[in-house]
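What follows is the residue order along each chain.
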Amino acid sequence: DGGITQSPKYLFRKEGQNVTLSCEQNLNHDAMYWYRQDPGQGLRLIYYSQIVNDFQKGDIAEGYSVSREKKESFPLTVTSAQKNPTAFYLCASGTGFQETQYFGPGTRLLVL
Amino acid sequence: AQSVTQLDSQVPVFEEAPVELRCNYSSSVSVYLFWYVQYPNQGLQLLLKYLSGSTLVKGINGFEAEFNKSQTSFHLRKPSVHISDTAEYFCAVEAVTGGGNKLTFGTGTQLKVEL
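Residues numbered from 1 in each chain as written. Chains lettered and ligands numbered in written order. Predicted model: local features only at pLDDT ≥ 70, side-chain atom pairs only at ≥ 80, totals over all residues. Heavy atoms only, no water.

A.B. asks: Help me out: how do you make sense of the overall build of chain B in this one?
C.D. replies: Counting its secondary structure elements, chain B contains 0 helices and 12 strands. Here chain B has a C-alpha radius of gyration of 14 Å; the compact-globule value for 115 residues is 13 Å, and the two agree. For chain B, the spread of C-alpha atoms along the three principal axes comes to 45 × 30 × 20 Å. Looking at chain B as a whole, 45% of its 115 residues are labelled buried. For chain B, the share of sequence-separated contacts (at least 6 apart) that also reach a separation of at least 24 residues comes to 57%. With the model as given, the accessible surface of chain B reaches about 5,400 Å², and the carbon-plus-sulfur share is 50%. Put simply, chain B has 8 plus and 10 minus side-chain charges, and the middle of one group is 8 Å from the middle of the other. (Helix = DSSP H or I, 4+ residues; strand = E, 2+ residues; numbered from the N terminus. Rg over C-alpha atoms; globule rule 2.2 N^0.38 Å. Buried < 20%, exposed > 50% of the residue type's maximum accessible area, 1.4 Å probe, protein only. Contact = heavy atoms within 4.5 Å. Areas by Shrake-Rupley, 256 points an atom, 1.4 Å probe, with all protein chains shown as cover. Lys, Arg positive; Asp, Glu negative; His and termini not counted. Charge placed at Lys NZ, Arg CZ, Asp CG, Glu CD.)

So this is what it looks like as structure tokens:
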């Protein structure tokens, strides 16, 4: 089955710790995206990548980092600099223009 | 830059009643418009989209939306809702700049269908 997988489903972070959220797609899409969802705020774009080895900051990139070494994978690291990381994180992929974005099931990050 | 406004954060409705979820946008360039649905603790899935052509767009699960350029609106409608339609609905816009498929989302409308 083609689609997007995100792991883990739940992730716990301790103070001062970096954590990495996984996102993998087998849809052969060039573009991939990371969003953060908070109650009542909709989805906000963290980072996006339109091609391998290239990525751009979205609206709320501070405290986050990404890499795009393979077309299928776009991991997101939540660093200790992100002071309010508790949220639902959604990964998406698409062809990059005028097309639907396909979303993964999400990862819920909680702070201990 | 573009923005999306979903004025209603929650819309309660009885089963088999009609519903309209409102979406207004602002943009200095042409846009493509999307409606996505999110069921609890899941990702989003596309309901329908407007790229060009007929302003009335039909989507999955009996939903439809009408693009109104003069009112900068893209309201979502369903003539008769089912309990399974209970979910959060997001309107989104993509600016037609050729710079890539960056979507701007509204804050969402929670549709609650009651018996």
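Still to come is the rest of the account.
A.B. asks: Please explain the nonpolar core as it appears in this structure.
C.D. replies: Looking at soluble globular proteins, one finds that nonpolar side chains tend to be buried together. Counting 28 residues, the largest nonpolar core has Trp35, Leu48, Leu76 and Tyr89 of chain B as its most contacted members. Elements supplying a minimum of two residues to this core: β2 (10–14), β3 (19–21), β5 (31–38), β6 (44–50), β8 (64–68), β9 (73–78), β10 (87–95) and β12 (109–114) of chain B. By size, the runner-up hydrophobic cluster in this structure holds 20 residues, among which are Trp34, Tyr64, Leu76 and Leu109 of chain A. (Core = buried A, V, L, I, M, F, W, Y, C linked by side-chain atoms within 4.5 Å.)

A.B. asks: I keep staring at the pattern of salt bridges and nothing clicks. Help me out?
C.D. replies: Working definition: two side chains of opposite charge can pair if their charged atoms are close together. This model, assessed by the stated rule, comprises 8 salt bridges over all chains. As a salt-bridge pair, Arg36 of chain A and Asp38 of chain A come within 2.8 Å of each other at their nearest N and O atoms. For the pair shown, Arg36 of chain A and Asp38 of chain A are each scored as buried. Residue Lys78 of chain B pairs with Asp85 of chain B through a salt bridge whose shortest N-O separation is 2.8 Å. Exposure class is identical for Lys78 of chain B and Asp85 of chain B. Each is buried. (Salt bridge = Lys/Arg side-chain N within 4 Å of Asp/Glu carboxyl O.)

A.B. asks: Even after reading the chapter, I still don't get the sheet that holds strand β7 (residues 64–66) of chain A, so can you show me in this structure?
C.D. replies: The strands making up a sheet associate through backbone hydrogen bonding, with each pair oriented either parallel or antiparallel. Residues and elements named next belong to chain A. The strand order β1-β3-β8-β7 describes an open sheet built from 4 strands, whose pairing is antiparallel. Every interior strand has two partners, whereas the edge strands, β1 (4–7) and β7, have only one. Strand after strand, the sheet turns through a mean of 20 degrees between neighbouring axes, direction not considered. (Pairing = 2+ DSSP bridges. Axes fitted to C-alpha atoms, helices over the stretch in contact; angles between N-to-C directions.)

A.B. asks: How should I be thinking about the layout of surface pockets in this particular structure?
C.D. replies: Empty space among the atoms becomes visible once a probe the size of a water molecule is rolled across them. In this structure, the largest pocket encloses a volume near 310 Å³. Looking at the largest pocket, it is lined by 18 residues, and the ones nearest its centre are Gln37, Pro39 and Arg108 of chain A together with Gln38 and Glu88 of chain B. Counting only elements with at least two residues in the lining of the largest pocket, the list comes to β4 (31–38) and β9 (87–94) of chain A together with β10 of chain B. Ranked by residues supplied to the lining of the largest pocket, first place goes to β10 of chain B with 3 residues. Counted by class, the lining of the largest pocket contains 7 nonpolar, 8 polar and 3 charged residues. (1 Å grid on protein atoms, 1.4 Å probe; cavity = no way out; pocket = protein on both sides within 12 Å on 5 of 7 lines; lining within 4 Å. Points joined across faces, edges and corners; volume = space filled by probe spheres on them. Nonpolar A, V, L, I, M, F, W, Y, C, P; charged D, E, K, R; others polar.)

A.B. asks: Can you help me understand the interface of chain B and chain A in this one?
C.D. replies: When the parts of a complex come together, some accessible area is lost, and that lost area is often used as the size of the interface. Contact residues are listed per partner, giving 23 residues for chain B and 22 residues for chain A. Of the roughly 1,900 Å² buried between chain B and chain A on both sides combined, carbon and sulfur atoms contribute 53%. The tally of links between chain B and chain A comes to 0 salt bridges. The interface formed by chain B and chain A holds 4 residue pairs in polar contact (both at pLDDT 80 or more) in total. (Buried area = accessible area lost by both parts, 1.4 Å probe. Polar contact = N/O pair within 3.5 Å; in protein donor to acceptor, adjacent residues only side chain to side chain.)

A.B. asks: In this structure, what is going on with empty space enclosed by the protein? I would like to understand it.
C.D. replies: Scanning all chains against the criterion turns up 1 cavity of 30 Å³ or more. Counted as a void, the largest cavity has a volume near 50 Å³. Together, Lys9, Tyr10, Phe88, Pro105, Gly106 and Arg108 of chain A together with Asn41 of chain B line the largest cavity. When the residues that make up the lining of the largest cavity are grouped by side-chain class, the tally is 3 nonpolar, 2 polar and 2 charged.

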